[in-house]
Amino acid sequence: MKLIKHAKNIHEIKLDGTRAKIAMLSDIHWDNPKCDRKILKKDLDYCLKESIPIMINGDMFCLMQGRGDNRKNKSDIRPEHNNAMYLDSIVETAVDWWSPYAHLLTVLGYGNHETTVIKFQETDILARFVKLLNIKNDTNVQVGGYGGWVIVNQTIKKTGTSNGSSTCNIRYFHGSGGGGVVTKGALNLTRALEMYEDFHVFTMGHIHENASRNDVRDSILQGRSSYRQIQKQLHLMLTGTYKEEYGDGSKGWHVERGAPVKPVGGRILEINYKRVRENGTDYFQRGIDSYKFPI
């Protein structure tokens, strides 16, 4: 795997082969006591075993217990962070905890929890974490944006010793709004179809849902000497959270605002290519799907 930065929120992941997997995570809220680190570690260990690159689309941290934060709650701080250097201790302990997976991490985007701390505490915890993680592990983890692009560039052997490449464009956006108990984020995915062009995958977090759907567009593709009509396959996904805050449903902010139990865990994105011969011409057909981590 090779990770290239083209702009502050445009990155390219270079992989080899016709089959690629990328773990798509968001809303981990790693420093919150309600983060289910047992499930998180299970999923990360699966990535470690299968050598699956990892992207995190915002709210890796919770960061709500700082001085002057109206959201803070004494029960929502871990003992190791309950000190006078609250934000510094989160960075330091996170680097130690995430170091075994540092070589798999690719792009870490901002969520509203990280940007709120920048606004009110005047420190960029995500950038500090990535910088220290890279120094400690000699890695190339990159900070993305609240939204941006990740291009997956797969090197594919064509014929003999000839190699080619195919790209899959991922448009990521951490998210906005509350999702909705009934629609569960479906409207956010439909909005993405109207807002962005030239993507093959759209991924969003923020609303703590875990689902995907497929859309198709009638399109045209230019070859070396001719054009052909294609049905462009689009994959849209919502990535879940690792913060389980419903509990037994007896009380708490999540329960009192009428929010339901949310699915815990991320998704694995698969991008596969298959050689197809049509009218005397060979080309690679792309297949895209995503699914929840195995139990």
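Note: the structure precedes this text.
Quick caveat, the model's predicted, so the values are computed rather than measured.

As for the sheet that holds strand 11 (residues 227-238)
Phase 1 of the analysis: Spatial ordering of the open sheet is given by 1-2-7-8-9-11-10, a layout of seven strands whose pairing is mixed. Strands at the two margins of the open sheet, each flanked by one partner only, are strand 1 (2-7) and strand 10 (211-222). The sheet shows a mean angle of 20° between the axes of neighbouring strands, taken without regard to direction.

A short note on the side chain of T123
Phase 1 of the analysis: Along the chain, the position of T123 falls in the loop between helix 3 (112-121) and helix 4 (125-137).
Phase 2 of the analysis: Here T123 falls in the buried class, since its relative accessible area comes to 16%.
Phase 3 of the analysis: Residue contacts for T123: discarding those within four places in its chain leaves L87, V117, I118 and R128.

Digging into empty space enclosed by the protein
If a probe as big as a water molecule is rolled over the atoms, it shows which places are left empty.
Phase 1 of the analysis: By the definition in use, this model includes one cavity of 30 Å³ or more.
Phase 2 of the analysis: By volume, the largest cavity amounts to about 40 Å³.
Phase 3 of the analysis: Contributing to the lining of the largest cavity are D31, N32, C62, L63, M64, Q65, D76, I77 and Y86.
Phase 4 of the analysis: Looking at the lining of the largest cavity residue by residue, the classes come out as five nonpolar, two polar and two charged.

A look at unusual backbone geometry
Phase 1 of the analysis: The phi dihedral of D27 falls on the positive side, at around 50°, and the residue is not glycine.
Phase 2 of the analysis: Position of D27 relative to the elements: it lies in the loop between strand 3 (19-25) and helix 1 (37-50).
Phase 3 of the analysis: The exposure class assigned to D27 is buried, which follows from its relative accessible area of 0%.
Phase 4 of the analysis: In this model, E122 sits at a positive phi of 60°, which is unusual for a non-glycine residue.
Phase 5 of the analysis: If you trace the backbone, E122 turns up in the loop between helix 3 and helix 4.

Details of the pattern of salt bridges
Phase 1 of the analysis: By the definition in use, this model includes twelve salt bridges.
Phase 2 of the analysis: The residue R78 makes a salt bridge to E80 at a minimum N-O spacing of 2.9 Å.
Phase 3 of the analysis: Residue E80 is classed as partly exposed on the basis of its relative accessible area, which comes to 34%.
Phase 4 of the analysis: One salt-bridge network, in which partners are shared between bridges, spans R19, K21 and E270.

Considerations on the layout of surface pockets
Phase 1 of the analysis: Looking at the second largest pocket, its volume works out to about 840 Å³.
Phase 2 of the analysis: Where the lining of the second largest pocket is concerned, the elements lending two or more residues are helix 3 and helix 6 (253-256).
Phase 3 of the analysis: Grouping the amino acids of the lining of the second largest pocket by side-chain chemistry returns seven nonpolar, 16 polar and twelve charged.

Quick notes on the pairing of strand 8 (residues 163-173)
Phase 1 of the analysis: Relative to strand 8, strand 7 (residues 147-157) runs antiparallel, the two being bridged by eleven bridges. The residue of strand 8 that forms the bridge with Q154 is S166.
Phase 2 of the analysis: Inspection of the sheet shows strand 8 paired to strand 9 (residues 201-204) by four bridges, in the parallel sense. Looking at strand 9, one finds that R171 is bridged to F202.

Thresholds, definitions, all that
Residues numbered from 1 in each chain as written. Predicted model: local features only at pLDDT ≥ 70, side-chain atom pairs only at ≥ 80, totals over all residues. Heavy atoms only, no water. Pairing = 2+ DSSP bridges. Helix = DSSP H or I, 4+ residues; strand = E, 2+ residues; numbered from the N terminus. Axes fitted to C-alpha atoms, helices over the stretch in contact; angles between N-to-C directions. Buried < 20%, exposed > 50% of the residue type's maximum accessible area, 1.4 Å probe, protein only. Contact = heavy atoms within 4.5 Å. 1 Å grid on protein atoms, 1.4 Å probe; cavity = no way out; pocket = protein on both sides within 12 Å on 5 of 7 lines; lining within 4 Å. Points joined across faces, edges and corners; volume = space filled by probe spheres on them. Nonpolar A, V, L, I, M, F, W, Y, C, P; charged D, E, K, R; others polar. Salt bridge = Lys/Arg side-chain N within 4 Å of Asp/Glu carboxyl O.

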